[in-house]
Amino acid sequence: MNTANDVEIADRMSRRRAIVVGLAAVAFIAFQFVDNPFFIVSDPGTQRAVIRRVLWAAYTGALLLGLATGGGLLDRRVRVLVDDEVSRGHYRTASTAGFWIAMATGMLIYLYGGYDLYTGQQAIYLVVTPAVAAALLVFAYLEMRALRSG
Amino acid sequence: MADQLRNRLREERARRSLTQAELAVLVGVSRKTINTVENGVFVPSTVLALQLARALGTTVEELFQLAG
């Protein structure tokens, strides 16, 4: 049985999660432009690029894990409220948005990228980055909209 | 799909002098869920619709109607 306190905590956690997800998405996008924009594409062989490639993979993995698991809230009663059917619907919508962004980017690379312009790794980077960012931004937006008082 | 469904959740809740948070506790969902259903942003599952109706002492048909 949930209490008023559980509902209040869930409300607060949902709001905090939406803000964190939105900020993480903005930081993720900004990260791509810092130092050497689209580093993987322009400078794949250097040690610096290798480090950033690992950082990108870790960051992307963490974001996807956070999105898929709801952020790993510990208290099960609160977690059930935070990840209720509305949030699960938002997760599905966000995943769908990410999927279509990936498809569109992939098609653009295929049509306009030329045969040997990008390596497989570079193409994956170009497809995954906007898709992950879009999924996170859509999720954050939908959650914030749902939390707005009506 | 949300535009095909009208609901009287806000009116029924107000009639019982319940806040969104209080109804959320009764149903066992978050306030966010109550808010999105009331505003027609989210179409609830059958289970949730039945839970809402039971918590408000009414029927699903009273709470939700097809638009048009």
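In what follows, the structure referred to is the one given above.
So, how was this worked out
Residues numbered from 1 in each chain as written. Chains lettered and ligands numbered in written order. Predicted model: local features only at pLDDT ≥ 70, side-chain atom pairs only at ≥ 80, totals over all residues. Heavy atoms only, no water. Helix = DSSP H or I, 4+ residues; strand = E, 2+ residues; numbered from the N terminus. Rg over C-alpha atoms; globule rule 2.2 N^0.38 Å. Buried < 20%, exposed > 50% of the residue type's maximum accessible area, 1.4 Å probe, protein only. Areas by Shrake-Rupley, 256 points an atom, 1.4 Å probe, with all protein chains shown as cover. Lys, Arg positive; Asp, Glu negative; His and termini not counted. Charge placed at Lys NZ, Arg CZ, Asp CG, Glu CD. Contact = heavy atoms within 4.5 Å. Salt bridge = Lys/Arg side-chain N within 4 Å of Asp/Glu carboxyl O. Buried area = accessible area lost by both parts, 1.4 Å probe. Polar contact = N/O pair within 3.5 Å; in protein donor to acceptor, adjacent residues only side chain to side chain. Arc of directions from axis to C-beta. Axes fitted to C-alpha atoms, helices over the stretch in contact; angles between N-to-C directions. Left-handed = near helix turned anticlockwise from the far one by under 90°. Nonpolar A, V, L, I, M, F, W, Y, C, P; charged D, E, K, R; others polar.

Visitor: Mind showing me how you'd approach the overall build of chain B here?
Guide: What chain B contains, in helices and strands, is 5 helices and 2 strands. The secondary structure elements of chain B, listed N-terminal to C-terminal, are β-α-α-α-α-α-β. Against the compact-globule benchmark of 11 Å for 68 residues, chain B has a radius of gyration of 11 Å, which places it among compact chains. For chain B, the proportion of its 68 residues judged to be buried stands at 43%. Accessible surface, chain B as shown: approximately 3,600 Å² in total, 55% of it carbon and sulfur. Of note, chain B has its 9 positive side-chain charges centred 5 Å away from the centre of its 7 negative side-chain charges.

Visitor: Sorry, what's going on with the overall build of chain A here?
Guide: From N to C terminus, chain A includes 6 helices and 0 strands. Starting at the N terminus, the α and β elements of chain A follow one another as α-α-α-α-α-α. Going through the 150 residues of chain A one by one, you find that 39% of them count as buried. A separation threshold of at least 6 residues defines the contact pool for chain A, and within that pool the share at least 24 residues apart is 76%.

Visitor: So what exactly am I meant to see when it comes to the pattern of salt bridges here?
Guide: Pairing between side chains of opposite charge can happen when their charged atoms approach one another. Residue and element names in this part refer to chain B. In this structure the tally under the stated criterion is 10 salt bridges over all chains. With its nearest N and O atoms 2.8 Å apart, the salt bridge here joins Arg16 to Glu12. One salt bridge connects Arg13 with Glu38, and the closest N-O pair in it is separated by 2.4 Å. In this pair, Arg13 sits in helix α1 (residues 9-15) while Glu38 sits in helix α3 (residues 31-38), placing the two residues 25 residues apart along the sequence.

Visitor: Looking at this model, I keep getting lost on the environment of Ala49 of chain B. Mind explaining?
Guide: Residues and elements named next belong to chain B. Within the element layout of this structure, Ala49 appears in helix α4 (residues 46-55). With relative accessibility at 8%, the residue Ala49 sits in the buried group. When the C-alpha atoms of Ala49 and Thr59 are compared, they prove to be 9.0 Å apart, with 10 residues separating the residues in sequence. Once residues within four sequence positions are removed from consideration, Ala49 is found in contact with Pro44, Val60 and Phe64.

Visitor: When you look at the environment of Gly89 of chain A in this model, what are you seeing that I'm missing?
Guide: Residue and element names in this part refer to chain A. Among the secondary structure elements, Gly89 is positioned in helix α5 (residues 85-112). Exposure remark for Gly89: the relative accessible area of 14% places this residue in the buried category. Taking C-alpha positions, Gly89 is 17 Å from Trp100, a pair spaced 11 residues apart along the chain.

Visitor: Honestly, the interface of chain A and chain B in this entry has me stumped. Any pointers?
Guide: Reports often express the size of an interface as the amount of accessible area lost when the parts come together. Each side of the interface is counted separately: chain A has 22 residues, and chain B has 18 residues. Summing both sides of the interface, chain A and chain B together bury roughly 1,500 Å²; the carbon and sulfur share of this comes to 53%. For the salt bridge of Arg31 of chain B with Asp11 of chain A, the shortest nitrogen-to-oxygen distance reads 3.0 Å. Between chain A and chain B we count 11 residue pairs in polar contact (both at pLDDT 80 or more) in total. Of all the secondary structure elements, the ones that give two or more residues to the side of chain A that touches chain B are α1 (4-33), α4 (76-82), α5 and α6 (120-147) of chain A. Here the element with the most residues in the side of chain A that touches chain B is α1 of chain A; it accounts for 6 residues.

Visitor: Could you clarify how one ought to interpret α4 of chain B in this entry?
Guide: Within α4 of chain B, the full set of buried residues consists of Leu48, Ala49, Leu52 and Ala53 of chain B. Projected onto a plane normal to the axis of α4 of chain B, the buried residues spread over an arc of 135° and lie on a single side. Residues of α4 of chain B that are exposed and point over 90 degrees away from its buried face: Thr46, Val47 and Arg54 of chain B. If you follow the buried residues of α4 of chain B, they end up packed against α5 of chain A together with α1, α2 (20-27), α3, α5 (60-63) and β2 (64-66) of chain B. The first or second residue beyond α4 of chain B is Gly57 of chain B, which carries a positive phi of 65°.

Visitor: Where do I start with the packing of helix α3 (residues 47-69) of chain A against α6 of chain A in this structure?
Guide: The axes of two packed helices give the description: the angle between them and the distance between them. All names here are of chain A. Between α3 and α6, the shortest axis-to-axis distance is 11 Å and the interhelical angle comes to 35°. The two elements α3 and α6 meet at a crossing, and its hand is left-handed. From α3, Arg53, Trp56, Thr60, Leu63, Leu64 and Leu67 reach across to α6, where they touch Gln121, Tyr125, Val128, Thr129, Val132, Ala135, Leu136 and Phe139. Of the residues contributing to the contact of α3 with α6, the split by class is 10 nonpolar, 3 polar and 1 charged.

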